[in-house]
Amino acid sequence: MFLWKWAAKNLLNNREKTLKRILFSALMSSLLFLSVSFLNGTTIQMKESIRESQSDLFITNRVFDGDISPVVTFLAENYSKEMEMMIPRVSCSEFTLHLNRYYTDEGVVYGTNPEYIEKISPGLSWLEKDLPFLAPGTILLDINLAEQLKAKKGGNVIMTYKTKVGVINTKTFRVAGVFMGNSLLYENVAYVNIKDAQELTLEAERVNEILIYLKKGVRKAELLNIISAVRKDFLMDVIIEAWEINPEHNLAYYMFKIVKGFVQFIFYLLNIVFLLIIYLSIQDSFYTSYRARKEELSSLKTFGMKDIRIYFLAFYESLYIFILGTTLGCLTARVVSLLLETVKVTNPQYNALMMALGGANVVFDFNPSSLLFVGGFIFISTLLGVYTGIRNYLKMEVREVISVI
Amino acid sequence: MLHNLKLAWTGFHRFRKRRKNLTIILVSIFFLMCFFTNIFFTLFNNMEKYWLEKVVGGDLIVAKSEKRLNIFRPIEPENYFNYSQFKEKYNLSGKIHSPRLRVPVVIENGNYEKGLIVLGVDPEKELSVTPNLDLAKGRYIKEGAEICISQEIAGQLGVTVGDEVIIFLYTKDGYVNVDFITVTGIIEYETINEYMGSGVLGFIPIGHLRSLQHISTDEISEIVFRDLNPLQKWRITRDYNIISGLATIPILVLIRLFFRFFLLVFFLLIVLIAFSSSYNNIQSSIGERHREMGVYLSFGAQPGMIRRIFNLEMTIYSLYCCLMGSILSTLAFVALNRARLYTDFSPVFQVFLSTSHFTVNYDFRVYLLSFALIWIVLITSSSKTIYRTSQTKEIVNTLTRR
């Protein structure tokens, strides 16, 4: 207890220096907390983006001309309590889009309803201020398609579709909006109203994909129940995908993990540098401050104070600095993250950034376990710094005494 | 001067061991600076070799109204400009460059059709900016109705070298034009295909593409260049836009953004720590040398001379730290290069590192730059202490204080 009090007194006596050390520790720890919570946030946002885009349970026809409506009826009758919404979708890949002299046949056009657009909107960045409404006769284009076609809001795009019987069907759409999304999920994607898609495919009322969003709180076991019930009755008719059950099998998530691995590598390098800086500065700071207290410590040593007590004294001092510094650092990181969370990727030049961010926003996740993990590393660096700093001081002192003799 | 140098050397030699702590910090900082700067310079260099020399060619000169460009996107005909006039005005003769005409077309072979961007190029000039372009089959275009397409497009259309395909395009005036064209070569983009918009690029001799577009003058959509000097660039940017070649590929924009972010944060922190450490250390070590300064003063030295001696000592000290740091970093690079980091196991790593075999090129300029930075930090952080302690009044006060 005596050493604790003595350490606190020493820190209070050197207020200015102590404040500087605490601020420095706060700066370094806030940078570490920010980088780790940023990496956690990207995963959370990516998962949310995949959920928005691919739903909790995605069901599609096993055969090209199969009918999915019995599955829809079955789910509506048996699992309406678990479901938040069910979105029908028609996908068309054999299409071409024309606008004046420009042409593209890349990607997929989905026929869906406006609710789906509302659902995916949080993860997208629209080039216009207001969220466009997917009315019949309108089309929403991903920035890549818009750039290929040189399309802008209000322009007319001609879509040609070759039906499965070989009929070439054409329809004109007005561009209602252009969006930027995570390229891993929305590259070369366009949305039209489901009725228009059914008209183009010459198959009214036909739907080949169903996206089911489950209510919050529905557990994985219940999801597995739904899947097994559907599989039991419609195994030969449909393909079921629930990405959350095995995220590694989801292509977008797999690609995201690779991109994130690269970002992680850069951030971990940076974190190692931060830790090294903490170590070096603590070492240096304790070395110089103890050197400045040479007379006081020499007197104490003359009266029989052991080296281990000096180590402990420095350790307690560093503990005070560590606790205050990391607490302040954590708070600073939280405030900075709140400011950064207002940032959204809106510049088309930085569209690729969404692949690393997981979506259009900058998201931070202050997960207690990772905060503790980072805190542990800061603590170890501080301890090591204190140890080597004091060891160097004591070595120097012995050398000086020897040189005097 | 030699006398001062001798005194500075003695000072450095005497205090070298006492500054062990600062020496460790400065050597580590020099090592980190050299290590990361060389690694990132190698990555930037690899990117240029891998992406520019294979596909993009270099930086692009486009019309003022084209603010940004994606390599796989068209350019509007209103933004075409005259090559001869440009060449004459900005004196491009002798410079490595290639004029291009970027046109969206549709290629049809039997029942299959595919939209792609074709670049009308002068084959000789184009190969001078993209010397690493790989041909999987056939030969590069020469003249007339010839086209080179990527492996993926060839696969989708079911064509091979020597096949004749139909090309659809709009003329500059907006009419549809159709012609036959022979596939002479199939380009191998390897991993680039997967990450760069499916490699929807084709190459046609510029003269033929102009005739298909019904353009009689030598209009072009862009010029790719490699070696323009800053003055030429400055002159060009008054009338045109210069877009960095690496900024035309979205994935590279992301990679470069992270690399730059890392380097910026890293350098800011490293300078901060170097400054604060050396300030603290030097303050305490020079503060102890009043007696030495008193001796200099009693022998008739002026404060200016004392400052010079200490600055020289700092220079020798920074040289010493940098020498140790450079030995360490060179050893680290040698070890890293001997480890033979192959990236063949994952195409994604190849894209991020822009090479299939990662070796660090250690550049002497990086060592010089790091030394300069350490020296500046050391001199600036010590200047205040040196100035204060070298004042005659200050020394006399300290030495006569009881």
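These notes cover the structure that comes with them. Just so we're clear, the structure is a prediction, and the values are computed from it rather than from any experiment. (Residues numbered from 1 in each chain as written. Chains lettered and ligands numbered in written order. Predicted model: local features only at pLDDT ≥ 70, side-chain atom pairs only at ≥ 80, totals over all residues. Heavy atoms only, no water.)

As a further point, take the overall build of chain A. Helix and strand counts for chain A stand at 13 helices and 12 strands. By the compact-globule yardstick of 22 Å for 405 residues, chain A is too spread out, its C-alpha radius of gyration being 31 Å. Expressed along its principal axes, the backbone C-alpha trace of chain A runs to roughly 105 × 50 × 30 Å. Going through the 405 residues of chain A one by one, you find that 55% of them count as buried. A sequence separation of at least 24 residues applies to 81% of the contacts in chain A between residues at least 6 apart. (Helix = DSSP H or I, 4+ residues; strand = E, 2+ residues; numbered from the N terminus. Rg over C-alpha atoms; globule rule 2.2 N^0.38 Å. Buried < 20%, exposed > 50% of the residue type's maximum accessible area, 1.4 Å probe, protein only. Contact = heavy atoms within 4.5 Å.)

Let's shift gears to a nonpolar patch on the surface. On the surface, Leu19(A), Leu23(A) and Leu328(A) cluster together to form a nonpolar patch covering roughly 270 Å² of accessible area. Mapped onto the elements, Leu19(A) comes out in helix H2 (residues 15–54). (Patch = residues over 30% accessible without salt bridge, like charges linked within 9 Å, V, L, I, M, F, W, Y side chains within 5 Å. Areas by Shrake-Rupley, 256 points an atom, 1.4 Å probe, with all protein chains shown as cover. Salt bridge = Lys/Arg side-chain N within 4 Å of Asp/Glu carboxyl O.)

Okay, the packing of helix H1 (residues 2–13) of chain A against H2(A) next. Residue and element names in this part refer to chain A. Between H1 and H2, the least distance of the axes is 5 Å, while the angle of their chain directions is 100 degrees. In terms of axis orientation, H1 runs roughly perpendicular to H2. Residues Leu11, Leu12 and Asn13 of H1 pack against Arg15, Thr18 and Arg21 of H2. Within the contact of H1 with H2, the residues separate by chemical class into 2 nonpolar, 2 polar and 2 charged. (Axes fitted to C-alpha atoms, helices over the stretch in contact; angles between N-to-C directions. Parallel < 35°, antiparallel > 145°, perpendicular 65-115°, else oblique. Nonpolar A, V, L, I, M, F, W, Y, C, P; charged D, E, K, R; others polar.)

Bringing the interface of chain B and chain A into the picture now. Listed per partner, the contact involves 57 residues of chain B and 46 residues of chain A. Taken together, the two surfaces of chain B and chain A that pack against each other cover about 4,600 Å², and 66% of this comes from carbon and sulfur. Summed over the three residues of chain B that lose the most area to chain A, namely Arg68(B), Arg73(B) and Phe258(B), the buried surface amounts to 14% of that side. On the surface where chain B and chain A come into contact, there are 4 salt bridges. The shortest N-O distance in the salt bridge between Glu147(A) and Arg73(B) comes to 3.4 Å. The interface formed by chain B and chain A contains 11 residue pairs in polar contact (both at pLDDT 80 or more). For the side of chain B that touches chain A, the secondary-structure elements that each account for two or more residues are helix H2 (20–56), strand E3 (97–109), strand E4 (112–121), helix H9 (250–287) and helix H12 (347–353) of chain B. The dominant element in the side of chain B that touches chain A, judged by the number of residues it contributes, is H9(B), at 21 residues. Class assignment for the residues of the side of chain B that touches chain A results in 31 nonpolar, 14 polar and 12 charged. (Buried area = accessible area lost by both parts, 1.4 Å probe. Polar contact = N/O pair within 3.5 Å; in protein donor to acceptor, adjacent residues only side chain to side chain.)

So, about the side chain of Ser278(B). Residue and element names in this part refer to chain B. Here serine 278 shows up in helix H9. A distance of 3.2 Å separates a polar side-chain atom of serine 278 from the backbone oxygen of phenylalanine 275. Only 3.0 Å separates the side chain of serine 278 from the side chain of serine 381, close enough to count as a polar contact.

As enumerated under the stated definition, the model contains 23 salt bridges over all chains in all. The partner of Lys114(B) in a salt bridge is Asp105(A), with the nearest N and O atoms 3.4 Å apart. Residue Lys114(B) is located in strand E4, and its partner Asp105(A) is located in the loop between strand E4 (102–104) and strand E5 (108–112); the two belong to separate chains. Judged by relative accessible area, which is 8%, Lys114(B) ranks as buried. The exposure class assigned to Asp105(A) is buried, which follows from its relative accessible area of 15%. In this structure, Lys172(B) and Glu219(B) form a salt bridge, with 2.9 Å as the shortest nitrogen-oxygen distance. Taken together, the positions of Lys172(B) in the loop between strand E7 (164–170) and strand E8 (176–188) and Glu219(B) in strand E10 (residues 219–220) put the pair 47 residues apart, joining distant regions of the chain.

Before going further, it helps to spend a moment on the nonpolar core. Core analysis: the largest hydrophobic core is formed by 230 residues, its most contacted members being Ile59(A), Leu75(A), Leu141(A) and Phe266(B). Among the elements that take part in this core, H2(B) stands out by supplying 21 residues, more than any other. Excluding its chain neighbours within four sequence positions, the residues that come into contact with Leu141(A) are Leu97(A), Ala146(A), Leu149(A), Ala151(A), Val157(A), Val175(A), Gly177(A), Val178(A), Phe179(A), Val189(A) and Ala190(A). If you look at the next biggest cluster of nonpolar residues, it comprises 24 residues, including Ile117(A), Leu140(A), Tyr191(A) and Tyr253(A). (Core = buried A, V, L, I, M, F, W, Y, C linked by side-chain atoms within 4.5 Å.)

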